[in-house]
Amino acid sequence: MAAPTIARGRRWFWARNLSVGNVFELRCRRSLALASTPCRSASKTTAEQNRDASWAAVVGLEIHAQICSNSKLFSGSEVRFAAPPNSLVSFFDASLPGTLPVLNRRCVEAAVTTGLALNCTINKKSLFDRKHYFYADLPAGYQITQQRLPIAVNGNLTYSLCTGKNQNELVSKTVRIKQIQLEQDSGKSLHDDARQQTLVDLNRAGVGLMEVVMEPDMCCGEEAAAAVRELQLILQALGSSQANMAEGQLRVDANVSVHHPGQPYGVRTEVKNINSARFLAKAIDYEIQRQINKLENGGTIMNETRAFDHKLGCTIPMRDKEGKQDYRFMPEPNLPPLILYDAKSLPTHTSHLQVVNIDQLREKLPDLPSVKRAKLVERYGIQLQHSFTLLNEDGLIDFFEAVITATQMNPKKAIGWILKDILGRLKEHKLTVEESPVSPFLLAELLNLLERGIISSSAAKQVLEIMWNEEGKSPTLIVKEKQLELIRDQNELECICEAVMDSYQKEVCRLLEKC
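Each value, and the rule that gives it
Residues numbered from 1 in each chain as written. Predicted model: local features only at pLDDT ≥ 70, side-chain atom pairs only at ≥ 80, totals over all residues. Heavy atoms only, no water. Axes fitted to C-alpha atoms, helices over the stretch in contact; angles between N-to-C directions. Helix = DSSP H or I, 4+ residues; strand = E, 2+ residues; numbered from the N terminus. Parallel < 35°, antiparallel > 145°, perpendicular 65-115°, else oblique. Left-handed = near helix turned anticlockwise from the far one by under 90°. Contact = heavy atoms within 4.5 Å. Nonpolar A, V, L, I, M, F, W, Y, C, P; charged D, E, K, R; others polar. Expected span 1.5 Å × (residues − 1). Buried < 20%, exposed > 50% of the residue type's maximum accessible area, 1.4 Å probe, protein only. Polar contact = N/O pair within 3.5 Å; in protein donor to acceptor, adjacent residues only side chain to side chain. Core = buried A, V, L, I, M, F, W, Y, C linked by side-chain atoms within 4.5 Å. Pairing = 2+ DSSP bridges. Phe/Tyr/Trp six-rings, centres within 6.5 Å; stacked < 30°, edge-to-face > 60°. Lys NZ or Arg CZ within 6 Å of the ring centre and 35° of its normal. Salt bridge = Lys/Arg side-chain N within 4 Å of Asp/Glu carboxyl O.

### A short note on the packing of helix α7 (residues 384-392) against helix α9 (residues 411-428)
Then step 1. Where α7 meets α9, the axes come as close as 11 Å, and the angle between the chain directions of the two elements is 50°. The pairing of α7 with α9 is recorded here as oblique in orientation. For the crossing formed where α7 meets α9, the hand is left-handed. In this structure, α7 uses His386, Thr389 and Leu390 to contact α9, whose residues at the interface are Ile415, Leu419 and Leu423.
Then step 2. A breakdown of the residues in the contact of α7 with α9 according to their chemical character gives four nonpolar, two polar and no charged.

In C-alpha cells:
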C-alpha cells in the first residue's frame, strides 16, 4: 500500500527569517582562477612550476549517489524528478508523530551490489544511526545514516588518466574506498532574498542515498574528476543509480589540503555539492592554488566549508568549521540491525524474498566498464583510449556497434569517423548521441560507399556535411545529385583531360615549354 501523502493545498512550505548563511561579497578576480590543472603543469611559468613543486596537494571525496528506486529509503513515497513541489511527501517524510521507518529492500541490494563492484567487504551486520542537525528542509531534525557500522568498507576504485603531450597515453591509478553507507536525503530549500523568505520542497526528503567515502589518495582536480566519471559509469552499469549529475543524482564534496612533502597534512577545506565532473576539477584546482597562494603570503588556512561558483571560477566561503559541530550521533531506536547473508550463513527453509543474499547478488553482477573496454579492444582491435571515449559518452557504444554491424569498413577506420566527425559535431552543437541528425545506418551507408571506392574521402566529407544539415537524406542520393562518384572508365577520363587541355591551350603550351 502506498504511503499516505500530505494534502497539497499549498505545495510550498515557507519559513520567514531563516538563517540561510552569511552573504559574502564576491570579489574574486578571474586571474586567480587556474588556467590548467597541477597534473598538467607544462603551460605554467618556470617560477610557478618551481614554487608548486615545493607543495603537495591531498584530495579526498565524499560522493552522494541517489539510489535508483521507485520509492524512498524508509517510506513508500514515489521518487520522481521534477514533480510538483511537496506532491511526493508521506507522513513519515514530514516527520509526523507516530510514523515509523520501513527499510526499502531495493536500496539495500543497490548498496551491496555497489560495494561488491568496488571490491568492498560487505558487513553482514550493519547499524543505523541518527545524525542530528537542524535545517528547515529536514523535518525530523535528524538524518538516518550509518555512522558506526556501515554496510560496506575497505574497497578500491581503479580509474585511468590521459597523459602525454597529445593526451594519448593512459595511466591507471587506484583510490581506496573507506566505506559505503546508506542514508536519507534532505529536502530542498529555495531562498528568496527579495521577499526574505525560504521555500521548502520535501519531495526529495527521505530519498535513498549511498555515500561513497574515498580516502585522500588523489592530488589534483583531474584525478578526482576521472575517479568520479569511472564511479558514475560503474553505478550506471549496475543500475544502482542513474548518476545523472544534472538532476542532482550524483553530488560530490571535495576535501582539499596542501602541505610540504614530508610534513603532516595541512588544514583542509571542504568544497560542497559539486554536480559536474568538469566543475569538480576546476573547483579542486582553484582551491589548491588558493591555499598555496595564501600560505606563500603568510596567511593561514581556515577549516571551513566552501562552495564553487562556476561563473566566477572560484570557491567562496559558506560556513566556519573551526568549532567542531556536535551531531549527537545515537543509535536509531526504530530500526533493528541490518542482517545480510551469504550462501554459508543463509538459514534453511527461508524464502529468498525475506533475506538479502550477498552471493546471489555477486553472481548477478554485470560486466563493469573496465571489462567492457577490454572486450571492445579485443573484439574490434581499436585503441584503448578510444574504448574510454565510447563508454564515457552516453549512447555512443550502441551507435558504434550499430555502424560496425551495417558497414564493410574495418572498425579501426570507422571509429575515426564516429569519434572525430560525428562526436566532434555533436559536441560543437551541444547535442547528445541520441539527437544526432545522422543515424548509425546512414553513416554505415556512407562508409560503404567510401569502402567500395564509389567516392573519395574528400567527397565523403562533403556528403556527411549535407547529411548533417539535411537530416534523414540518403548518402547514395546525395552522391548522385552532386555527381560525386569516382570515374573509373579510362576513355571517359581521357575525354575529360582532352577537354580541359583544349580549354586551356596557353597554359598547356607554357608547361610544355618548361619541360
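### A short note on α9
Then step 1. Across its 18 residues, α9 extends 24 Å between first and last C-alpha, which sits within 8% of the 26 Å expected from 1.5 Å per residue.
Then step 2. Considered for burial, the residues of α9 that qualify are Pro411, Ala414, Ile415, Trp417, Ile418, Leu419, Asp421, Ile422, Leu423, Arg425 and Leu426.
Then step 3. Buried residues in α9 make contact with α6 (369-380), α7, α8 (396-406), α10 (440-451) and α11 (457-469).
Then step 4. Two or three places before Lys412, at the start of α9, stands the capping residue Asn410, its side-chain oxygen 2.7 Å from that residue's backbone nitrogen.
Then step 5. Lys430 sits one or two positions beyond α9 and adopts a positive phi of about 55°.

### Quick word on the nonpolar core
Then step 1. Counting residues in each nonpolar core, the largest one holds 67 residues, and the members touching the most others are Leu61 and Met214.
Then step 2. With eight residues, helix α3 (residues 221-238) is the largest single contributor of residues to this core.
Then step 3. Beyond its immediate chain neighbours, meaning those up to four positions away, Met214 contacts Gly60, Leu61, Ile63, Leu157, Val175, Arg176, Ile177, Ala227 and Leu231.
Then step 4. One finds Leu376, Ile382, Met409 and Ala444 within the second-largest nonpolar core, a separate group that totals 40 residues.

### Structural notes on the sheet that holds strand β5 (residues 129-132)
Each strand in a sheet pairs with another by means of backbone hydrogen bonds, the pair being arranged parallel or else antiparallel.
Then step 1. Ordered by their spatial adjacency, three strands build an open sheet running β6-β5-β16, and the pairing between neighbours is antiparallel. The strands lining the two open edges of the sheet, one partner per strand, are β6 (142-145) and β16 (330-331).
Then step 2. Bridge count between β5 and β16: two bridges; the pairing is antiparallel. When the bridges of β16 are listed, Arg130 appears paired with Met330.

### Overview of the packing of α10 against helix α12 (residues 475-482)
Then step 1. The interhelical angle for the contact between α10 and α12, taken along N-to-C directions, is 50°, at an axis separation of 8 Å. As judged from the angle between their axes, α10 and α12 are oblique. Here Leu442, Glu445, Leu446 and Leu449 of α10 lie close against α12, whose contacting residues are Pro475, Thr476 and Val479.
Then step 2. Looking at side-chain class alone, the contact of α10 with α12 contains five nonpolar, one polar and one charged residues.

### A word on the sheet that holds strand β11 (residues 208-218)
Then step 1. An order of β3-β7-β8-β11-β2-β12-β13-β14-β15 is seen for the nine strands of this open sheet, with the pairing classed as mixed. Taken across any chain shown, the strands that pair with only one partner, and hence form the sheet edges, are β3 (121-122) and β15 (314-320).
Then step 2. Two elements, β3 and strand β7 (residues 152-163), share two bridges in a ladder whose sense is antiparallel. Each bridged residue has a counterpart across the sheet, and for Thr121 the counterpart in β7 is Val153.
Then step 3. Where α3 meets the sheet, its contacts fall on β2 (56-66), β7, β8 (169-184), β11 and β12 (250-259), and the angle it forms with β7 comes to roughly 115°.
Then step 4. Most of the contacts of helix α4 (residues 277-296) go to β12, to which it runs at about 25°, and overall it touches β2, β12, β13 (269-274), β14 (304-309) and β15.

### Quick word on the packing of aromatic side chains
Then step 1. As enumerated under the stated definition, the model contains seven aromatic pairs in all.
Then step 2. Judged by centre distance (5.1 Å) and plane angle (65°), the rings of Tyr133 and Tyr135 are edge-to-face.
Then step 3. We classify Tyr135 as partly exposed; its relative accessible area is 41%.
Then step 4. One aromatic cluster is present, formed by Tyr133, Tyr135, Tyr327 and Phe329 through successive ring pairs.
Then step 5. Across from the ring centre of Tyr327, 4.4 Å away, lies the NZ or CZ of Lys131, which sits over that ring.
Then step 6. Here the guanidinium or amino end of Lys461 rests over the ring plane of Trp417, the centre of that ring lying 4.4 Å away.

### Considerations on the pattern of salt bridges
Then step 1. Under the criterion given, the structure shown has 25 salt bridges.
Then step 2. In this structure, the salt-bridge partner of Asp421 is Lys461, at a minimum N-O distance of 3.0 Å. One end of the pair, Asp421, is in helix α9; the other, Lys461, is in helix α11, with 40 residues separating them in the sequence.
Then step 3. Note that Glu465 and Arg425 form a salt bridge whose closest N and O atoms lie 2.6 Å from each other. Remark: Arg425 occurs in helix α9 and Glu465 occurs in helix α11; sequence separation between them is 40 residues.
Then step 4. Residue Glu465 is classed as partly exposed on the basis of its relative accessible area, which comes to 36%.

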